[in-house]
Amino acid sequence: MTWGKKVAMALGVLALWLTGTGGEAQGQAPAVLFSRGDALWQTDLRGSPPVRLGPGHDGELSPGGDRVAFTEYGEGGGRYLAVRDIARRNVWRVPGAVGANSYGPRWSPDGTTLLFNVWQEDVALWRIATVSPDGTQRRIFSGDLSGDLFSPFWGHDGREIFAQDLTFLYRFDREGRLLDKRPVDEVVGDRGISSGTRFSVAPDGASWLFDAGATASQDQALAMRVGDAVNAAFVYTVATGAVRRLTPPGLAVSSACWAPGGGVLVSAFERKDVRSASGGVRISFRLMLLSGDRRDVLVKDALAPSCAMR
């Protein structure tokens, strides 16, 4: 075989490999995490075959997609924070997280700090707290408030932290100082939220994403079918205070998160995903990427998505 033919064959093989995998020319697709049963799974924005990472709940990918923070259930019934290094395949329980009931870790935009819910035993209240993955720099946020705090989330630049108590939305700095509060309905309007409502700020800080009660006629019909209220995904625009519904009526959203480029990942279902089952119904959630008018299904049987942002 001549040198020219060898080069041509090598280039042909390389071209096929790049087409099949995305290759360096196109870059790797951002990693996507989701829950299925009691385990955490990983795919990507191309919908590659999912890979099981291991047991866990409330998982969130770090901004770089190399680590997963999640809730680990202890043998005695406690809940703890844990981190999985995906490449090294090692897992550790975060030391220093207060007490035996911490859950729902959220990565700071720079990937250095975890924000989470914690039960503070001495005052019998739900608080929010931060800690480094190695267990250092622990801080509990209360702002001398006398009630519970829920739904902690980061500001876009990581300098501010937010939480809500179903009535007010609170804003803290990273040192735990309460900066201000305002009625939560200034953001969500009269849409029903709960202690489990998840807010996420867009990377540019211009918009907030959240899930809340859906009330269109199609939503009400779906709620009757499943025997429970259903949610939709909404976007709050900071500059104008306007709120718009992101997902169409009849598409019920369990959870949502931002994806790179302004897209949104949702775990959702519609009427065709509801089947009768013994003692009730079975719902098949689908992981969808919403971008403009497109709805691309990435994975079936998937909840609680999280996406690497860089």
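Residues numbered from 1 in each chain as written. Predicted model: local features only at pLDDT ≥ 70, side-chain atom pairs only at ≥ 80, totals over all residues. Heavy atoms only, no water.

Participant: Give a detailed account of the packing of aromatic side chains, specifying residues and quantitative values.
Facilitator: For the structure on display, the rule yields 13 aromatic pairs. Look at Phe 162 and Trp 208: their rings are 5.1 Å apart centre to centre, the planes differ by 65°, and that puts the pair in the edge-to-face class. Separated by 46 residues along the polypeptide, Phe 162 in strand 13 (residues 160-164) and Trp 208 in strand 17 (residues 207-213) bring together distant segments of the chain. Neither residue differs from the other here; Phe 162 and Trp 208 are each classed as buried. Put simply, the rings of Phe 153, Phe 162, Phe 199, Trp 208, Phe 210, Phe 234 and Tyr 236 touch in pairs and so form one group of aromatic residues. Sitting above the plane of the Trp 41 ring, Arg 36 keeps its charged end 4.7 Å from the centroid. Over the ring of Phe 168 we find Lys 181, and its NZ or CZ is 4.2 Å from the ring centre. (Phe/Tyr/Trp six-rings, centres within 6.5 Å; stacked < 30°, edge-to-face > 60°. Helix = DSSP H or I, 4+ residues; strand = E, 2+ residues; numbered from the N terminus. Buried < 20%, exposed > 50% of the residue type's maximum accessible area, 1.4 Å probe, protein only. Lys NZ or Arg CZ within 6 Å of the ring centre and 35° of its normal.)

Participant: Give a detailed account of the sheet that holds strand 24 (residues 286-291), specifying residues and quantitative values.
Facilitator: Reading across the sheet, the four strands line up as 20-21-24-25 and stay open at both edges, with antiparallel pairing between neighbours. Sheet topology places strand 20 (252-258) and strand 25 (294-300) at the edges, where each strand pairs with a single neighbour. Adjacent strand axes in the sheet meet at a mean angle of 25° when their direction is disregarded. One ladder, built from six bridges, connects strand 24 with strand 25; its direction is antiparallel. (Pairing = 2+ DSSP bridges. Axes fitted to C-alpha atoms, helices over the stretch in contact; angles between N-to-C directions.)

Participant: Let's hear about the sheet that holds strand 16 (residues 199-201): which residues, and what values?
Facilitator: With antiparallel pairing, the four strands of this open sheet are ordered in space as 16-17-18-19. At either end of the open sheet lies a strand with only one pairing partner, and these are strand 16 and strand 19 (243-245). Taken pair by pair, the neighbouring strands of this sheet meet at an average axis angle of 25°, ignoring direction. When strand 17 meets strand 18 (residues 231-237), the two strands line up antiparallel, connected through seven bridges. Bridge pairing links Ala 212 to Ala 232 in strand 18.

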